[in-house]
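Each chain is listed here by its residues.
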Amino acid sequence: MFSLQVDAKSITIFNRKFSRRRLSEYSLLLFMLPALALMLLFVIIPAGWAIVISFTNQALIGPNAKNYSFIGFENYVRLLSDSEFWNSLQISFIFVFGSAFVGQFLIGFTLALLLKYSGFINKSIVGGSVLLAWVIPEIVAVYIWASVLNFQSGSANQILLALGLEKHRWLIDTPLLSLIIVNIWRGTAFTMLLVSSALEAIPEALYDAAAVDGASTWRKFIHITLPLLRYTILMSFILITMGTFSVFGIVFAMTGGGPLGRSEVIGVYIYRNAFEYREIGYGSAASVIMLLINLALALVYLRFIRIDWSEDA
Amino acid sequence: MLKARKFIALGLIVLLMGVLLGGATLIAQEDGELTISFPGDPRSETVNSLIEQFIAMKAEEGVTVNVVINEPTEGYNDQLLLDFSAGVGPDVFSISAETIPEYVAAELITPLDDYVAEWDGWAQFPQGMKDMPALNGSVYAIMYNTDTRVLFYRTDILEAAGVEMPFAPASWDDVFAAAEAVQANVEDVIPMEVEAGTIWGEGTTMDGFFMLFRGAGGQLLDPEDGKWVVESPALLDAFAFYERMFGDGLSAAEPFMEPEPWVFYLQEGLANGDVAMAVAVNVVWGLYAPDGPWGIENRDEVLSWTPMPAISAGEGINGQDFVSMGGGWGWAMSSTTENPELAWEFIQFMSSADSITQYTQGVGGIPTRLDASVDDDHVAAITEQVMPYQSFRPLSVDYNRVSEQIQIATERIMLGEATAQEAMELFAEAVINIVGEDNVKRLPLD
């Protein structure tokens, strides 16, 4: 028979005594269960499944769709000997370096500083327009830029003509550069927002004290702003590197990886093999390698976070 | 102890979720259920209206049919394949004829031979419509949509260029002569467009390359020995057409590298008179109708078409003077359906003379049945003048990948990175990588 006894330190249910502390542990677990179950179902199981089928010759269609078999490391061996795979890796690295590191980060960081400290930039107009680029859907961004970079009548070429220069074949002669520009345009807001909020959190008193000590603006930046922003900077690096490494939509819709593979980032390579060639096993193997690279990058960054720079400063 | 209980609790929750999901599937499997997949494009409106008529017809017979419709607007084939591989494939699906071999190899599609043998409607399908969905002597789909390709041209531009009207080219040289006249005499007009490059995808192979290749008498997959022909005079001729077209500035490469090349070339270029000639699928005629989505107000005065000539008279495939490529969509039954009788009844309904007439009128296409009457001069003319020259793409599980190599070859030529000869050599190399040295052959070049 059900019985419930409650006192200050314990609760007795079915004649069993539970301490309140123990019960709160149970209830914590209980509250986490739905989230854990969803994570398991939609993140961990699919990722695990991708790893499993990366060791098979499973295809979406054809004879290997129904009767596929385990082929060990064959997909991985094939990947490592595929020059197109190495090409896509190389392009991905250039894309990440150019658009995430140089572009999104440096521009986003600078913008955040300018927004806070410079009097001549209108915060709402600049901040708003950068933010706008970030919130519009990827495909919409692609169409906007396709019309900007369009050879015949795009505004980029109209500007070149107005300057007395010749039209440029953006998507043919400089496809990767064009994509990097689009991605910078789109992603700058992220770093800007992160850095802006971190800047707000730096106490003004620190700057005041430095000013009393006669520190120049530059020294304040080097010795106060930068050290206090280092976690934000690293976090922003990790997130934008991973995000950019897995960019697919912009590239796929804009150039399809072309011309002749010159802008084929790893995401497009995976799509082409897994879905266009229907070799889902092979495509999964490439995804697993991509996952490993992302993990490795994250580990490198995390090590940097642990370094305590403030002692050097 | 505590750990074990945690696991039990977790296990119970997962089990509960499983039961809920499973229960939902069981309920959905009741009798009279039909899942139907087809591409969600402008044509699907007519398909939807026909499905409603089918449901109404069955309701009159006292049978309630619960129809689940899948009509993805993008990546139809990918979506369909993923549904199948996840075990939730449809009962009936629309299939583009050239993909049938892949579905057969994956055992996803049911042969319809026994069904058509007892169906009087089958006799109303012309031979081409019976051959297109057939593989190894079995029929796998009933065609409800077919198309063909011709050379469209702007009468006003060609006239201004001094080309004699009506334009009736009998060889590639005639086509080039007209293009050169436009180049010389009309400013700011791209003389011609033949689809090229990877971005236009299968359109490049089907509407562009094959229209040239068949005109040079080419066979890509030899039906005799089942080998891919990776080097042949016809292949070189077709690639040389591209080389001359781009090399002489008779077409422009840039629009082909934009995300949606058809917008510039067909939707705007031909419609606005920025492009003088374009090889294109017949259905664009309907799109250019004054009230159509790409409307040209005075379409009948400024736009016309002519069958695509072979390289020279009698040199086309089967000794033809003119060539065209036919494609199309059919209704197929999946091998996983639990309700084949109802599925066949649906396919039969969708393929009746009345349904095909409604469909063809709705989408402005060419009827697949002889007894489907369509009251349209353009369709009548195209059926009479072009359909006899139709040929089809090779049926093979490897077609998709070989086709991509064709697109890459045209892209190389278009960007000036390979001559026709070099592009053919790279093509041969790539196809050997796909199908193996034993499955290709080379024909002597003269």
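Conventions used here
Residues numbered from 1 in each chain as written. Chains lettered and ligands numbered in written order. Predicted model: local features only at pLDDT ≥ 70, side-chain atom pairs only at ≥ 80, totals over all residues. pLDDT = per-residue confidence, 0-100. Helix = DSSP H or I, 4+ residues; strand = E, 2+ residues; numbered from the N terminus. Core = buried A, V, L, I, M, F, W, Y, C linked by C-beta atoms within 7 Å. Buried ≥ 20, exposed ≤ 12 C-beta atoms within 10 Å, placed from the backbone. Contact = placed C-beta atoms within 7 Å. Expected span 1.5 Å × (residues − 1). Arc of directions from axis to C-beta. Pairing = 2+ DSSP bridges. Axes fitted to C-alpha atoms, helices over the stretch in contact; angles between N-to-C directions. Nonpolar A, V, L, I, M, F, W, Y, C, P; charged D, E, K, R; others polar. Bend = angle between axes of the 7 residues up to and from the residue.

Caption draft 1: Here's a closer look at the confidence of the model for chain A. Of all residues in chain A, 95% attain a pLDDT of 70 or more, and the chain-wide mean is 87. Looking across chain A, the model is least confident in strand S1 (residues 4-6) of chain A, with a mean pLDDT of 75, and most confident in helix H3 (residues 74-80) of chain A, with 95.

Caption draft 2: Molecular detail of the nonpolar core. Judged by nonpolar contacts, the single largest core of 185 residues is most densely connected at B:Phe152, B:Phe239 and B:Ala278. In contact with B:Phe152, other than residues within four places in its own chain, are B:Leu270, B:Met277, B:Ala278, B:Ala280, B:Val284, B:Leu303 and B:Trp305.

Caption draft 3: Molecular detail of helix H2 (residues 44-60) of chain B. Residues and elements named next belong to chain B. Taking 1.5 Å as the rise per residue, H2 with 17 residues should run 24 Å; its terminal C-alpha atoms sit 24 Å apart, in good agreement. When we look at burial in H2, the residues that qualify are Val47, Leu50 and Ile51. For H2, the angular spread of buried residues about the axis comes to 105°, placing them on one side. Exposed and facing more than 90 degrees away from the buried side of H2 are Glu45, Glu52, Ala56, Ala59 and Glu60. Contacts from the buried residues of H2 go to strand S1 (33-37), strand S2 (66-70), helix H14 (340-350) and helix H15 (353-363).

Caption draft 4: Examining the sheet that holds S1(A) more closely. Residues and elements named next belong to chain A. The strand order across the open sheet built from three strands is S1-S2-S3, with neighbouring strands paired in antiparallel fashion. In the strand order of this sheet, the two ends are held by S1 and strand S3 (16-19), each with one partner. Taking the axes of each pair of neighbouring strands and ignoring which way they run, one obtains an average angle of 20° across the sheet. With four bridges joining them, strand S2 (residues 10-13) and S3 adopt antiparallel strand pairing. The partner of Ile13 across the bridge, within S3, is Arg16. Docked against the sheet, helix H1 (residues 20-53) engages S2 and S3, running at close to 80° with respect to S3.

Caption draft 5: Layout of the interface of chain A and chain B. On the chain B side, the residues contacting the 26 residues of chain A number 28 residues. Where the side of chain A that touches chain B is concerned, the elements lending two or more residues are H1, helix H2 (63-66), helix H6 (138-149), helix H8 (170-173) and helix H12 (249-254) of chain A. For the side of chain A that touches chain B, the per-class residue count stands at 18 nonpolar, five polar and three charged.

Caption draft 6: Region of interest: helix H11 (residues 217-245) of chain A. Residues and elements named next belong to chain A. With 29 residues, H11 extends only 36 Å from end C-alpha to end C-alpha; this falls clearly short of the ideal 42 Å at 1.5 Å per step. Helix geometry: H11 is bent most strongly at Arg230, by close to 55°. Buried within H11 are the following residues: Leu229, Ser236, Phe237, Ile240, Thr241 and Thr244.

Caption draft 7: Spotlight on the environment of A:Leu193. Residues and elements named next belong to chain A. For Leu193, the location among the structural elements is in helix H9 (residues 175-200). The exposure class assigned to Leu193 is partly exposed, which follows from the 18 C-beta atoms found within 10 Å. C-alpha separation for the pair Leu193 and Gly108, spaced 85 residues apart in sequence, amounts to 8.0 Å.

Caption draft 8: Inspection of the sheet that holds S1(B) at higher detail. Residues and elements named next belong to chain B. A sheet is described by the order of its strands in space; here five strands give the open sequence S2-S1-S3-S14-S6, paired in mixed fashion. Where the open sheet ends on each side, the last strands, each with one partner, are S2 and strand S6 (142-147). This sheet shows a mean twist of 20° between the axes of neighbouring strands, independent of strand direction. Pairing analysis gives five bridges linking S1 to S2, with the strands arranged parallel. Paired with Thr35 across the bridge in S2 is Val68. Across the face of the sheet, H14 comes into contact with S1, strand S3 (92-96), S6 and strand S14 (327-333) while running at roughly 150° to S14.

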